[in-house]
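Notes for the structure review
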Amino acid sequence: MKSPNASFQPAGAQRVCVVLLTIIALASMGFAQTFSSGEKGKVKGTIMSRTGDLVKIQDEKTGSSAMIKITDNTKIIRDKSKVSFHRHDDMDVTAMVPGLTIKVEGIGNASNQLEANKITFSPDEFAIEVAQQQQINANKAAASGAQTTANQGVAAAGTAQSSANNAQTTADAAGQVATAAGAVALTNTAAVQMVNQRVSDLDDYQTVAEAVIYYPTGKYVLDGAAKADLDKLTALATSTDGYLIEIAGYASKTGTKATNQQLSEDRASAVANYLRNTGNIPMRRIVAPAGYGSTHPDAENTDPEGRELNRRVDVKLIVNKGLQASL
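So, a few notes on the structure that sits alongside this text. (Residues numbered from 1 in each chain as written. Predicted model: local features only at pLDDT ≥ 70, side-chain atom pairs only at ≥ 80, totals over all residues. Heavy atoms only, no water.)

Focus: the packing of aromatic side chains
A complete count under the given rule lists one aromatic pair for this structure. Sitting over the ring of Tyr243, Arg285 keeps its end group 4.6 Å from the ring centre. (Phe/Tyr/Trp six-rings, centres within 6.5 Å; stacked < 30°, edge-to-face > 60°. Lys NZ or Arg CZ within 6 Å of the ring centre and 35° of its normal.)

Some words on helix H4 (residues 224-237)
Here H4 contains 14 residues, and its C-alpha end-to-end distance of 20 Å stays within 8% of the 20 Å for a straight helix at 1.5 Å per residue. Contacts made by the buried residues of H4 are with strand S7 (205-214), strand S8 (243-249), helix H5 (257-277) and strand S10 (312-320). Of the residues flanking the start of H4, the one acting as N-cap is Asp223, its side-chain oxygen 3.3 Å from the backbone nitrogen of Ala225. (Helix = DSSP H or I, 4+ residues; strand = E, 2+ residues; numbered from the N terminus. Expected span 1.5 Å × (residues − 1). Contact = heavy atoms within 4.5 Å. Polar contact = N/O pair within 3.5 Å; in protein donor to acceptor, adjacent residues only side chain to side chain.)

Some points on the nonpolar core
If you look at the biggest cluster of nonpolar residues, it comprises 42 residues, and the most contacted ones within it are Met96, Ile245 and Ile247. Looking at which element gives the most residues to this core, the answer is H5, with five residues. Once you skip the residues sitting within four places of it in the chain, Met96 turns out to touch Ile47, Arg50, Ile70, Ile76, Ile102, Ile119 and Phe121. Counting residues in each nonpolar core, the second largest holds six residues, with Tyr205, Leu244, Val287 and Ile318 among its members. (Core = buried A, V, L, I, M, F, W, Y, C linked by side-chain atoms within 4.5 Å. Buried < 20%, exposed > 50% of the residue type's maximum accessible area, 1.4 Å probe, protein only.)

Focus: the packing of H4 against H5
Between H4 and H5, the shortest axis-to-axis distance is 11 Å and the interhelical angle comes to 55°. Relative to H5, the element H4 is oriented oblique. Helix-helix and strand crossings are classified by hand; for H4 and H5 the assignment is right-handed. On H5, the residues touching Lys227, Leu230, Asp231 and Thr234 of H4 are Val271, Tyr274 and Leu275. Along the lines of polarity and charge, the residues of the contact of H4 with H5 split into four nonpolar, one polar and two charged. (Axes fitted to C-alpha atoms, helices over the stretch in contact; angles between N-to-C directions. Parallel < 35°, antiparallel > 145°, perpendicular 65-115°, else oblique. Left-handed = near helix turned anticlockwise from the far one by under 90°. Nonpolar A, V, L, I, M, F, W, Y, C, P; charged D, E, K, R; others polar.)

Quick look at the pattern of salt bridges
The final tally for this structure, using the stated rule, is seven salt bridges. Its salt-bridge partner being Arg284, residue Asp72 comes within 2.1 Å of it at the nearest N-O pair. Remark: Arg284 occurs in the loop between H5 and strand S9 (286-291) and Asp72 occurs in the loop between strand S3 (65-69) and strand S4 (75-78); sequence separation between them is 212 residues. Between Arg312 and Asp298 there is a salt bridge, with its nearest N and O atoms 3.2 Å apart. In this pair, Arg312 is assigned in strand S10 and Asp298 in the loop between S9 and helix H6 (304-310), connecting sequence segments 14 residues apart. (Salt bridge = Lys/Arg side-chain N within 4 Å of Asp/Glu carboxyl O.)

In structure tokens:
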């Protein structure tokens, strides 16, 4: 005899429930999507890792992983953005870095990967400026000042009962300012950390070789020594399986923030263009050549020698540590 609380479900509804539970279970186990050879496919998700021409993403609907292959024929399309995006259009393929959400259309290949015909992304994720560290410092100073005011208010309360209430009110208000400033600082810190991870996430990638290119004040043209160093890096790269090249440009603190930002970007672009035009390195093998202004100094900016060391581009040849496991 059926329980009076038992409910009846049609067979079709039961099958739907089973399918949904199966999808959830597969996603939780790290199920990988496969694409039949010759069949069209679409997927949208967040990049989890890069290995050479292969991009591993997590499908935003199912949570499963999918392997995307980028080729010379892949079109990279930048969506309209609410923010300024300084990287040149011909370098959009280099934006395929972990954390970026992309939409992919393509055809399955013999390896059951989705060989991308078109990839669309929004550059909003790249709008964060490392220079926000200055704002973080300002927020920390505001929090410290507010806490000092609070302490003074509490101390004043001990001198006279009549002023205690006013002092406590001042302390409470100051404490609220400190809390708010601290929250903003934490938010900005997280933003800066996101950018720093793009400079080098050593948990996922191993540096095989690196070169540091230096520039005169206000310049971004490569000299003979710089080209020679890049030639050596190129030769090593072409003999390394699954390689990627990471480029980060910097400037000294001479000049305005805007000038240093643009200069650092031009320096990074100069290196990327040389690797592409002279070294025949495909742009899809270069990871987001970016300028970071006067952040991450290698030396103090208080003397000419220190500023010279900070006018540079860091170029790294990297490979994914999980290369064998992911293929």
